[in-house]
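Chains, contacts and geometry: an overview
For reference, the chains in residue letters:
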Number of protein chains: 2
Amino acid sequence: MSVTYKHPRPALAVDCVVFGLDEEDLKVLLIRRGVEPFAGRWALPGGFVHEDETLDEAARRELREEAGIEKVYLEQLYTFGAVDRDPRERVVSVTYYALVKLSEHAVRAATDAREAAWFAIDDLPRLAFDHEEIVDKAIARLRGKVRYAPIGFELLPKKFTLTQLQRVYEKVLGQELDKRNFRKKVAATGLLIELDEVEQDVAHRAARLYTFDEKTYRKLEKEGFLFEI
Amino acid sequence: MSVTYKHPRPALAVDCVVFGLDEEDLKVLLIRRGVEPFAGRWALPGGFVHEDETLDEAARRELREEAGIEKVYLEQLYTFGAVDRDPRERVVSVTYYALVKLSEHAVRAATDAREAAWFAIDDLPRLAFDHEEIVDKAIARLRGKVRYAPIGFELLPKKFTLTQLQRVYEKVLGQELDKRNFRKKVAATGLLIELDEVEQDVAHRAARLYTFDEKTYRKLEKEGFLFEI
DNA sequence: TTGACGTGGTGTCGGTTCGACACTAAGGTT
DNA sequence: AACCTTAGTGTCGAACCGACACCACGTCAA
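Summary of the structure given here. This structure is a prediction, so every number in the text was calculated from the model and none was measured.

Describing the overall build of chain A
Tallying secondary structure elements over chain A gives 5 helices and 10 strands in all. Counting only C-alpha atoms and orienting by the principal axes, one finds that chain A spans roughly 65 × 40 × 30 Å. Here chain A holds 229 residues, and the buried ones make up 51% of them. Here the analysis covers contacts within chain A between residues at least 6 apart in sequence; of these, 65% occur between residues at least 24 apart. Of the roughly 12,100 Å² of accessible surface on chain A, 48% is carried by carbon and sulfur atoms. Separation of charge centres in chain A, based on 37 positive and 42 negative side chains, amounts to 3 Å.

Shown next as structure tokens:
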């Protein structure tokens, strides 16, 4: 089966920059390409948009198929349309970025016999196509967004300590923050719920666990709120 | 001449939300559609992406062809990909927003025998396709961006008074600002150059003219600056 | 010419927020 | 019991913020 059009059309793809945070670093998920062009190179998970799915659906499908990732924070980033960004034929790519809780998503490593791996954002290999540019844009967006929207929580497990939360901000922003000032600020947002639990199995004083107050957040969001870290 | 592909592909279009500011309001440029679907309805200027042009180029070409607008601030907004957003066939639209100096762009009203007109953003007619959603997104983006990037200047002539600049911010943000505080803030940015000129032909004391200091701005931008109104 | 009108242009002050900064508490390990 | 590691907490000065009112200057009409 094939389709004929009066004028040529670019192919339409989606590509996703998936961020995760582990003990050391902010990382991006990459897939090693098996076929030309750029066979053997690392690339962003992605693929062509199907006829009957929206762009968001295509992005989620690719995340599921290529990395076994589901139910994550996902937001459209930018659409890349340079004429020769794919050497085969013209492909326009609508890109997304996703935030995953690494602790809960052990990311199926090799679907379709494909190799997948996490790379620290300041130690990336050379990427296929214009994917380096896409990652740069995603990092810039994440840095901007984290300042005025509470998306840092998306990188942490449901229950987290304040020190973990501070580390998220430090890794994303690439700068150290003052512990006391940080705690003052997050307390001032009123968006954290203090739990009656502490972390387990640590070789030092255990820290109190908190959780993000989504209900209050949604309420504030509707009223045209503010939020700053 | 026609083209055949193995799989169906959505058509790819660009649409532009063009903002301009006149004495009264922040306005959006619309074009009246001559053909079905939505014949007679107002719509955003836009059209299909050609094979050999980037998305940005397509947006600029459509602005030129449909409204005679050139050399404006143009930035990609979002890509809309709902499956049935065009009743004829699937069309994915990469949208842009543009800021024009209404004073200098008298916008050729009717190219291609098409009718074009400016509408105040809180008095828009019903629009074709999902263009209302696109305009909403553009307004939200403009409101966000104007706070931390000096794009207000793009809506004014090269030389402007501080009162005019304040009006830009008031119209874009939809709220009144304090004159003295506003002047303190813009002075503090160091991005305005005070000219040895005053406005002409006004029936009251003439205001001093200023211009935006692009060189200093570009320098600050590279150093990772800050800016807030 | 003078007075009225309309917009331009300017400074202070109290409240809030900001960042810098250091010690004790708790729990586990040896 | 001593020690090691991380948790948790408050103050103070500086900068910033928003609220607020009056005189200056130019035009126009009487």
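More follows now that the structure is in view.
Quick notes on the protein's contact with DNA strand D
Around DNA strand D lies a shell of 18 residues, among which A:T163, A:K179, A:R208, B:N181 and B:R205 are the nearest. Near the protein, meaning within 4 Å, the atoms of DNA strand D are sugar or phosphate in a fraction of 41%, with bases accounting for the rest. Within the side chain of A:K184, an N or O atom sits 3.1 Å from a base oxygen of DNA strand D. Going through the elements one at a time, helix 4 (179-189) of chain A together with helix 4 (179-189) of chain B are the ones with two or more residues in the surface near DNA strand D. Here the surface near DNA strand D is composed, by residue class, of 3 nonpolar, 4 polar and 11 charged.

Some details on the pattern of salt bridges
In this structure the tally under the stated criterion is 28 salt bridges over all chains. The shortest N-O distance in the salt bridge between B:E89 and A:R9 comes to 2.9 Å. In this pair, B:E89 is assigned in the loop between strand 6 (73-80) and strand 7 (91-100) and A:R9 in the loop between strand 1 (3-5) and strand 2 (11-21), connecting two distinct chains. Classification of B:E89 by relative accessible area gives partly exposed; the value is 33%. A:R9 sits in the buried class, given a relative accessible area of 13%. Beyond isolated ion pairs, a larger network of salt bridges with shared partners links A:E53, A:R61, A:E62 and A:E65.

Some details on unusual backbone geometry
Here the bond from A:E36 into A:P37 is cis, since omega is -5 degrees, no more than 30 degrees from zero. Unusually for a residue other than glycine, A:K71 sits at a positive phi of about 55 degrees. Along the chain, the position of A:K71 falls in the loop between helix 1 (55-67) and strand 6 (73-80). Classification of A:K71 by relative accessible area gives exposed; the value is 82%. With phi around 60 degrees, B:D201 is a residue other than glycine that occupies positive phi space. Looking at where B:D201 falls in the secondary structure, it is placed in the loop between strand 9 (192-198) and strand 10 (208-212). The exposure class of B:D201 is exposed, given its relative accessible area of 80%.

Remarks on the environment of B:L44
All names here are of chain B. Position of L44 among the secondary structure elements: in the loop between strand 4 (42-43) and strand 5 (46-48). For L44, a relative accessible area of 5% translates into the label buried. In this structure the C-alpha to C-alpha distance between L44 and G34, which are 10 residues apart in sequence, comes to 13 Å. In contact with L44, not counting residues within four places along its chain, are D15, C16, V17, V28, L30, H131, I134 and V135.

Quick notes on the relation of the copies chain A and chain B
Note on the identical chains: chain A maps onto chain B by a rotation of 180 degrees and an axial translation of 0.0 Å, with an RMSD of 0.1 Å. With respect to symmetry, the two chain copies, as superposed, fit the operation of a two-fold axis. Distance from the rotation axis, computed per C-alpha, reaches its smallest value in chain A at A:T4: 2.1 Å. By residue overlap, the copies meet face to face through one surface: 100% of the interface positions of chain A are interface positions in chain B.

Things to note about the packing of aromatic side chains
According to the stated counting rule, one finds 17 aromatic pairs over all chains in the structure shown. Centre to centre, the rings of A:Y169 and A:F182 are 5.8 Å apart; their planes meet at 55 degrees, and the pair counts as tilted. Residue A:Y169 is found in helix 3 (residues 162-173), and its partner A:F182 is found in helix 4; the two are separated by 13 residues along the sequence. Of the two residues, A:Y169 and A:F182, neither departs from the other in class, the shared state being buried. A connected cluster of aromatic rings, assembled from ring pairs, spans A:F153, A:F160, A:F212 and A:Y217. The ring of B:Y5 carries B:R9 above its face, with NZ or CZ at 3.7 Å from the centroid. Looking at B:K137, its charged tip hangs above the ring of B:Y78, at a distance of 3.8 Å from the centre.

Section: the protein's contact with DNA strand C
Taken together, 18 residues lie near DNA strand C, and A:N181, A:R205, B:K179, B:K184 and B:R208 sit nearest. Side-chain polar atom of B:T163 to a phosphate oxygen of DNA strand C: 3.1 Å apart, as the coordinates give it. Secondary structure elements with two or more residues in the surface near DNA strand C: helix 4 of chain A together with helix 4 of chain B.

Quick look at the packing of helix 3 (residues 162-173) of chain B against helix 4 of chain B
For any two helices packed against each other, one specifies the inter-axial angle together with the distance between the axes. Residue and element names in this part refer to chain B. Relative to each other, helix 3 and helix 4 sit at 100 degrees, their axes nearing to 11 Å. In terms of their interaxial angle, helix 3 and helix 4 are classed as roughly perpendicular. For the pair formed by helix 3 and helix 4, the contact residues are L162, T163, L165, Q166 and Y169 on the first element and K179, F182, R183 and V186 on the second. Grouping the constituent residues of the contact of helix 3 with helix 4 by class yields 5 nonpolar, 2 polar and 2 charged.

Focus: the environment of A:Y210
Residues and elements named next belong to chain A. Checked against the element boundaries, Y210 lands in strand 10 (residues 208-212). For the pair Y210 and P45, spaced 165 residues apart in sequence, the C-alpha separation works out to 32 Å. With near-sequence residues (within four places) excluded, Y210 lies in contact with K158, K159, F160, L162, L192, I193, E194 and L195.

Cut-off values and rules
Residues numbered from 1 in each chain as written. Chains lettered and ligands numbered in written order. Predicted model: local features only at pLDDT ≥ 70, side-chain atom pairs only at ≥ 80, totals over all residues. Heavy atoms only, no water. Helix = DSSP H or I, 4+ residues; strand = E, 2+ residues; numbered from the N terminus. Buried < 20%, exposed > 50% of the residue type's maximum accessible area, 1.4 Å probe, protein only. Contact = heavy atoms within 4.5 Å. Areas by Shrake-Rupley, 256 points an atom, 1.4 Å probe, with all protein chains shown as cover. Lys, Arg positive; Asp, Glu negative; His and termini not counted. Charge placed at Lys NZ, Arg CZ, Asp CG, Glu CD. Near = heavy atom within 4 Å. Polar contact = N/O pair within 3.5 Å; in protein donor to acceptor, adjacent residues only side chain to side chain. Nonpolar A, V, L, I, M, F, W, Y, C, P; charged D, E, K, R; others polar. Salt bridge = Lys/Arg side-chain N within 4 Å of Asp/Glu carboxyl O. Least-squares fit on C-alpha atoms with pLDDT ≥ 70 in both. Phe/Tyr/Trp six-rings, centres within 6.5 Å; stacked < 30°, edge-to-face > 60°. Lys NZ or Arg CZ within 6 Å of the ring centre and 35° of its normal. Axes fitted to C-alpha atoms, helices over the stretch in contact; angles between N-to-C directions. Parallel < 35°, antiparallel > 145°, perpendicular 65-115°, else oblique.

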